[in-house]
Amino acid sequence: MPGFITDPADVPPYLLAGGRSSRMGTNKAFVLLGGERLLRRIAARIGQQQKMPVALNADTDWPDTIGLRLVPDVTSGKLGPLAGVLTAMRDAMVKHPHASHIVTVPVDSPFFPIDLVARLAQAIAGRDEIAIAASLGRDHPVFGLWPVTIADDLETWLLKDDKRRVRDFLARHTVRTIDFAAIQTPIWPLDPFFNINTPDDLIAAETWLAALEQTP
Ligand SMILES: Nc1nc2c(ncn2[C@@H]2O[C@H](COP(=O)(O)OP(=O)(O)OP(=O)(O)O)[C@@H](O)[C@H]2O)c(=O)[nH]1
Ligand SMILES: [Mg+2]
C-alpha cells in the first residue's frame, strides 16, 4: 500500500549537475533563463518543496555553488546521471541517516511540477521501491525518488555494465512510474519535463517561460 513515506517534504533533495553540457557547449547550470541562472532557478524550485537544504551533485572544481553543499560523484569517469544518484544515496546515508529515500532533479528542466515529490512519494509502497516521473509517454528517471537500500546494487551495476542504460538498471527493481500531464499554455501544451540541452532549447525555453507568464 502506498503511504510508506509519511512526509514527502522530509526527503533530502539532490540537484544533478555533474554532466558535461557538451551539447550546450558551456556549463548549462550557468546559462540564463528569464535573467536567472538555471542553477539558482532549479535549486529554488526544488528547495521550496523540501525541508532539508538542496545538495549540489557536481564536479569538485565547480565555479560557484551559490551556497549549496557540493557533493561530487563517488565514482570517477562521468558514468552518467546514475552516478549522481549513487552519490546522493551515499551522501544521504551519512548526512540524513533516517531517510529511506532521496529525490533527484536535473539542473536543466526548469518547468518541472511543483507537486513532483509529493506525487512520487505517494506512490512508494515499500522501503526498496523507486518512483520516477513520466510525461507524454516518456519516462524521466532523472526525476526520481530513490531508496538508499539499493546503493550497493547500483554501484556494482554502474561499474560492471558497459552500456549503463538507465532502463536496464530500473528493470532490476520495483519501479512506480507517475505520469504528469502537459501544462496548458496559450501557444501549445508544454511538457513539464522539457529540458534544455542545446542553445536552441534555451531559446525555446524563453518562449515557454513567456507563455507560462501569460497563462491565467
Ligand atoms: N553526477 C553526474 N551527473 C550527470 C552525469 N552525466 C549527466 N549528468 C546529469 O544528468 C542530467 C541529465 O544529463 P544530460 O541532459 O545528458 O546533461 P549533460 O550530460 O550535462 O549534457 P550532454 O553532455 O549534452 O549530454 C543533467 O543534470 C546532468 O548534469 C555524470 O556523469 N555524473
Ligand atoms: Mg549527457
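Look up: the structure comes first, before these words.
Since this is a predicted model, take the numbers as computed values, not measurements.

1. A closer look at the overall build of the chain
And step 1. When helices and strands are counted, the chain shows six helices and nine strands.
And step 2. For 216 residues, the compact-globule estimate of 2.2 N^0.38 gives 17 Å, and the C-alpha radius of gyration of the chain, at 17 Å, lies within 12% of that figure.
And step 3. Over its C-alpha atoms, taken along the principal directions, the chain stretches across nearly 45 × 40 × 35 Å.
And step 4. Within the span of the chain, comprising 216 residues, buried residues form 37% of the whole.
And step 5. Taking the contacts inside the chain whose residues are at least 6 apart along the sequence as the reference set, 68% of them involve residues at least 24 apart.

2. Concerning the site of ligand 1
And step 1. Not every one of the 21 residues close to ligand 1 is listed here, only the nearest: G18, G19, S22, G84 and P106.
And step 2. At three residues, helix α2 (residues 81-95) tops the list of elements feeding residues into the shell around ligand 1.
And step 3. Per-class residue counts for the shell around ligand 1 are eight nonpolar, eight polar and five charged.

3. What about the sheet that holds strand β7 (residues 130-135)?
And step 1. Reading across the sheet, the seven strands line up as β5-β4-β1-β6-β8-β7-β9 and stay open at both edges, with mixed pairing between neighbours. Every other strand in the sheet has two partners, leaving β5 (69-70) and β9 (175-179) as the edge strands with one partner each.
And step 2. Here two bridges tie strand β4 (residues 55-57) to β5, and the two strands are oriented parallel to one another. The partner of L56 across the bridge, within β5, is L70.
And step 3. On the sheet, helix α1 (residues 38-47) packs against β1 (13-16) and β6 (101-106) and is oriented at approximately 160° with respect to β1.
And step 4. Contacting β1, β4, β6 and β8 (138-147), α2 runs over the sheet at an angle of about 145° to β6.

4. Comments concerning helix α3 (residues 116-123)
And step 1. Here α3 has its buried residues at L116, V117, L120 and A121. Along the axis of α3, the buried positions cluster into a sector of 115°, meaning they face one direction only.
And step 2. Each element contacted by the buried residues of α3 is listed here: β6, β7, β8 and β9.

5. Here's the deal with α1
Because an α-helix completes one turn every 3.6 residues, residues spaced three or four positions apart along the sequence face the same direction.
And step 1. Listing the buried residues of α1 in full gives L38, L39, I42, A43 and I46. Along the long axis of α1, the arc covered by the buried residues comes to 120°, so they all point the same way.
And step 2. Next to the buried residues of α1 lie β1, β2 (32-33), β3 (36-37) and β6.

Rules and cut-offs
- Residue numbers run consecutively from 1 along every chain, following the written order of its sequence.
- Lettering for chains starts from A, numbering for ligands starts from 1, and both go in the order in which the items are written.
- Per-residue local features are limited, in this predicted model, to residues with pLDDT of at least 70; the limit for side-chain atom pairs, both in listing and counting, is 80 or more; totals at the level of whole chains, interfaces and linings are taken over all residues.
- Helix and strand definitions here come from DSSP, where helices need a minimum of 4 consecutive H or I residues and strands a minimum of 2 consecutive E residues; each element is numbered from the N-terminal end.
- As a reference, a globule follows 2.2 Å times the number of residues to the power 0.38, and the radius of gyration itself is taken over C-alpha atoms.
- To sort residues by burial, count the other C-beta atoms lying within 10 Å of each one's C-beta; a count of 20 or more means buried, 12 or fewer means exposed, and anything in between means partly exposed. C-beta atoms are built from the backbone.
- Once C-beta atoms are placed from the backbone, any two residues with those atoms within 7 Å are in contact.
- To decide whether a residue is near a molecule or strand, its C-beta atom is placed from the backbone and checked for lying within 6 Å of it.
- Residue classes follow a fixed rule: Ala, Val, Leu, Ile, Met, Phe, Trp, Tyr, Cys and Pro count as nonpolar, while Asp, Glu, Lys and Arg count as charged, and any other residue, Gly among them, counts as polar.
- Only strands that DSSP links by at least two bridges are regarded as paired with each other.
- Here an axis means a line fitted to C-alpha atoms, over the contact stretch when the element is a helix, while the angle between two N-to-C directions is reported on a 0 to 180 degree scale.
- The arc in question is formed by the directions pointing from the helix axis toward the C-beta atoms.

The values are spatial; any link to function lies outside them.
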